[in-house]
Structure formats: C-alpha cells, structure tokens
Amino acid sequence: MTQVSLAKDRIKFLLLEGVHESAVEILKQRGYHNIEYIKTALTEDELCSKISDAHFVGIRSRTELSDRVFAAAEKLIGVGCFCIGTNQVDLQAARRHGVVVFNAPFSNTRSVAELVLAEIIMLLRRVPEKNAAAHRGGWDKSAAGSYEARGKVLGIVGYGHIGSQLSILAEQLGMQVRFYDIESKLPLGNAHAVGSLDELLQQADVVTLHVPETAQTQWMIDAPQLAKMKKGALLINASRGTVVVIDALAEALRSGHLAGAAIDVFPVEPGSNNEVFESPLRQLDNCILTPHVGGSTQEAQENIGVEVAGKLAHYSDNGSTLSAVNFPEVSLPAHHGARRLLHIHENRPGMLTRINQLLAEQSINVSGQYLQTDADLGYVVIDIDTPAESDIADTLLDAMRAIEGTIRARVLY
Ligand SMILES: NC(=O)C1=CN([C@@H]2O[C@H](COP(=O)(O)OP(=O)(O)OC[C@H]3O[C@@H](n4cnc5c(N)ncnc54)[C@H](O)[C@@H]3O)[C@@H](O)[C@H]2O)C=CC1
Ligand SMILES: O=C(O)CCC(=O)C(=O)O
C-alpha cells in the first residue's frame, strides 16, 4: 500500500467523539481544512465506511480501532488518541498497516487526580447517600460513618502520572499514602511502596486504581480482592472499566462490606450522550457514578486538542514520529528545499541497501538519512537534493514501492 504526498486540502482528518475545538483550530492553522467533525463514537461498521477516505483519524477512549477498521482504512497514515489510554486501538494492526499512533500522555492527569481527591472526601463523609436521600425529600443529619480524610490510609494501585500526583495532593490533606506498582517507583513525599496488591488492599481505608488496561490488570479487582479490603473501606476506579468486576463490587456495596465507591469507567460505556447507561451500580446510593469524565475538564481537553492535533500535523508535514506509541521514533529537522521520502517497511535484512541502491542508480545526492527500526518494523526517512522542477522523487517513490516488504511510502515536498 502506498501513499504519495498530497496537497493539504486533500488530506482528510476525521475527528470523532467531540474532541476539543482546539484540535480543529490547530489543524486549520497548519493549513488543513478538510476536517470532518463528529460528536459521537461510531460503530465498527459505520467507522469502516467513514474511515475509508481519511488520512488521519482522531478518537477518544470510546472508539475501537480494530484490525478490520485498519483494513478498511486504505488511506490512513496516522491516528491521534485525544486521551492517555490507547487500549482501544489495535496497535499491532496499526503497525502492520503502517499507521502511526499518537496520544496525549500527560494533559489530563491533573484533572483525574483532582476528581479522585474530591471523591475521597465525598465518600468519607457519606455525601452520595445523603445527597440521594435529600433529593428524595430525606434529611439524614448524622455523623454516623462520616470521617475526615486526615490520618486515613490511601492505597494507590499504579503510581504513574496520575497516581503520583494524587499522592502529593492527598498528603496535603494529611492522608497516609501507600502504593503498589509493578515497577519500582520513587515514593514522593512521605508515601511508601508496599510489596503486593493484597498488602495494599488489607491496609487501605481508601483504594484507588490508576493502572492501564493490560492483560494483567483485567478483572484485577474481583470478589476475592474486595474481600481482602477492610470492612467499611472505599474503592475508586477512574482507570479502565475492565479492571473491576462490577457485579462483585455491587455485592460488596450491598452487603456493607464496602462503605462506598466512586466509579468513572465501565466495562461497557454508552457511545454517545443519547444512549442509556446500564449498570447494576445504578441501584446503589453509596456509589458515585460518573460518565468517564475523569479527564474531562476544559483545561485538559483544550491542551489535549492542541497537543495531539499538533503531533498529527507534524507527522503529516515532516514525518516525525517522536512520541508515537507504536512506531520507531524518528525526530526530524525541517527539510527546507529538499524532497523527503518516507519509507515504512518490514524489518528484513538488506532493506536499506536496496533503497540506497535506487538512490545510487539515479545519482541522487542524499542530504539526510534517518533510520529507526525495532524487532519487526523499520522507518527510514531520506532527504534528497533535487531541483524544484524535477520529478525524480516521484520516480524514486514508485521504485521504492516496488521493494518487497514495503508497507507504506510517502514523499513530502
Ligand atoms: N477516567 C479517565 O477519564 C481517565 C483514565 N485514565 C486511565 O488511567 C490510566 C493511568 O494513567 P497514568 O497514570 O497517566 O498512566 P501511567 O502509565 O503514567 O501509570 C500507570 C502505572 O500503572 C503501573 N502498572 C501497570 N500495570 C500494573 C499492575 N498490574 N499493577 C500495579 N501497577 C501497574 C505502571 O507501572 C505505571 O506506573 C490510563 O492508562 C488510563 O487508562 C487516564 C486519563 C483519564
Ligand atoms: O476523555 C476521554 O475521552 C478519555 C480519557 C481517558 O480515559 C484517557 O485519557 O485515557
């Protein structure tokens, strides 16, 4: 499959799930006006049809980009996840199709940490139940089961960007922070690491989950783990819906083993605000339910829009894959006056030799060459000196396409 450089107005961006308008502004500033903007996620069938003429697609956490979608996306060269998680994208399939995937690894982390901090206080004070009762005309003025955050043990599972920021904020409230992470992490402030998930569950008054969706974190919190938590403890999940077994949690809340929970992410989430949200947790007043809004603040969304749209435009203009999540990373200087050839290939012996042979046969002077490979993918970028009126780059591109093992090739003018 090949892709030549196109005039910017022919490069189509398909933006889904209502990504922030800042993304549209950035793309327009960078000269890209062919933008289709859709507020919801699409089903796989809808997506397969919509994506067929798109060169870039922008999504959030709800859009599944499967192998089938990539197969239908014949022109696609880049994906922007306007969020942190990339579990909704088949990253291996993207590589096989020569599609680079970018995300925004930091921009919404503070927003999640702040929401969780607020939920800790609300749950400790039994606000969800009191609020629900008041809405029904009840008046539950009582201190029973209500506590200060000061002095309580906060157990953080996953001490990454969100977990570690929360750690600092919670210590400001006087909480004692312990965390469990599969990697060795520098404890911030007075926090300290514990050796196992079970240890953390047994010690914490509040357990909060900040892990990515992986095979290891899938259904990590089920009935046996909930049983290990202290009676009257609280659980917060703003990570991924597949980390907690919802039926087990509902039972722990119903039985009173857990005093409360705050859940932002669910195994199945509505694709748009017009769909009904179904969950056994809807019946439980001691559970704060939020519609996957941990990262949904104006600040975070605006910053994410700028960051991810900028990465997509940069890749389109310049070929740079710096900070891509599924591709060999190549950071490239501007290619003023040179034609730039981009070649994505299977990492086989002799690939670079064959490309360089083509250049030598045409007596082309190479002004820059950049190569990065990993186990099975190679990405080489070649700047060639050629007069502006020459069409040698197109000739070379055709020859490069013919090399066995080529996944995708482009030329930038
Ligand atoms: N609710 C929302 O709107 C949002 C949800 N998220 C979710 O939060 C997750 C975490 O975000 P960040 O802190 O930025 O990610 P991060 O990658 O900085 O940190 C994740 C941490 O979890 C650890 N980890 C991985 N597997 C583990 C396991 N099995 N047990 C214990 N620790 C494990 C990692 O070593 C890492 O330190 C994201 O992957 C995303 O799924 C992120 C942003 C917004
Ligand atoms: O805001 C969103 O759409 C998704 C946020 C999220 O879960 C993430 O950044 O991983």
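Think of each chain on its own: its residues are numbered from 1, step by step along the sequence as written. In the order they appear in the text, chains get letters beginning with A and ligands get numbers beginning with 1. The predicted origin of the model limits local features to residues at a pLDDT of at least 70 and limits the giving and counting of side-chain atom pairs to 80 or more, whereas totals for whole chains, interfaces and linings rest on all residues.

### Looking at the environment of M351
Okay, step 1: Working definition: helices are DSSP H or I runs of at least four residues, strands are E runs of at least two. Numbering for both runs from the N terminus. Note that M351 resides in helix 12 (residues 351-361).
Okay, step 2: In this structure, the C-alpha to C-alpha distance between M351 and I403, residues 52 residues apart in sequence, is 8.2 Å.
Okay, step 3: Whether two residues are in contact depends on their C-beta atoms, placed from the backbone: they are in contact if these lie within 7 Å. Not counting residues up to four positions away in its chain, the partners in contact with M351 are H345, G378 and G405.

### Focus: the site of ligand 1
Okay, step 1: Each residue gets a C-beta atom placed from its backbone. If that atom is within 6 Å of a molecule or strand, the residue is near it. The full set close to ligand 1 counts 31 residues, and G158, G160, I162, P212 and G294 are the nearest of them.
Okay, step 2: Among the elements that make up the shell around ligand 1, the one with the highest residue count is helix 7 (residues 161-172) (three residues).
Okay, step 3: For this classification, Asp, Glu, Lys and Arg are treated as charged, while Ala, Val, Leu, Ile, Met, Phe, Trp, Tyr, Cys and Pro are nonpolar and the rest, including Gly, are polar. Here the residues of the shell around ligand 1 are counted per class, giving 11 nonpolar, 15 polar and five charged.

### Topic: the UniProt feature "domain: ACT" (unreviewed entry) in the protein chain
Okay, step 1: Per the UniProt entry, the sites bearing "domain: ACT" (unreviewed entry) are residues 340-413 in this numbering.
Okay, step 2: As a span, residues 340-413 carries 28% helix and 43% strand, and end to end its C-alpha atoms are 7 Å apart. UniProt positions are given in the numbering used here, feature names are shortened, and annotations may be inferred rather than shown by experiment.

### Some details on the site of ligand 2
Okay, step 1: Around ligand 2, the structure places R60, S61, C83, I84, G85, N108, G295 and S296.
Okay, step 2: Residue composition of the shell around ligand 2, grouped by class: two nonpolar, five polar and one charged.

### Regarding the confidence of the model for the protein chain
Do not read the predicted coordinates in detail wherever pLDDT is low.
Okay, step 1: Values of pLDDT, ranging from 0 to 100, describe the predictor's confidence in every residue of the model. Overall, the predicted model of the protein chain reaches an average pLDDT of 95, with 99% of residues at or above 70.
Okay, step 2: Per the prediction output, this complex has pTM 0.94; the corresponding ipTM is 0.99.

### What about the sheet that holds strand 6 (residues 153-157)?
Okay, step 1: On the basis of which strands lie adjacent, the open sheet formed by seven strands has the order 8-7-6-9-10-11-12 and parallel pairing. The open sheet terminates on both sides in strands that have one partner only, identified here as strand 8 (192-193) and strand 12 (287-289).
Okay, step 2: With five bridges connecting them, strand 6 and strand 7 (residues 176-180) associate as parallel partners. Counted as the bridge partner of V157 is Y180 from strand 7.
Okay, step 3: For helices, the fitted axis covers only the stretch in contact; all axes are lines through C-alpha atoms, and the angles between them, taken along N-to-C directions, range from 0 to 180 degrees. Across the sheet, helix 10 (residues 246-255) touches strand 10 (233-237), strand 11 (258-263) and strand 12, and the angle it forms with strand 11 is around 140°. Here the rule is simple: two strands pair whenever DSSP picks up at least two bridges between them.

### Remarks on the pairing of strand 15 (residues 377-385)
Both faces of the sheet carry side chains from a regular strand, because those side chains alternate between them.
Okay, step 1: Partly exposed residues are those falling between the two cut-offs: more than 12 but fewer than 20 other C-beta atoms within 10 Å of their own, whereas 20 or more means buried and 12 or fewer means exposed, with C-beta atoms placed from the backbone. By the criterion of burial, strand 15 is predominantly enclosed, with seven of the nine residues buried.
Okay, step 2: Judged from the eight bridges that link them, strand 13 (residues 339-346) and strand 15 form a sheet pairing that is antiparallel. Looking across to strand 15, one finds that H345 is bridged to G378.
Okay, step 3: Turn length for the strand 14 (residues 365-373)-strand 15 hairpin, with the two strands adjacent in sequence and antiparallel, is three residues.

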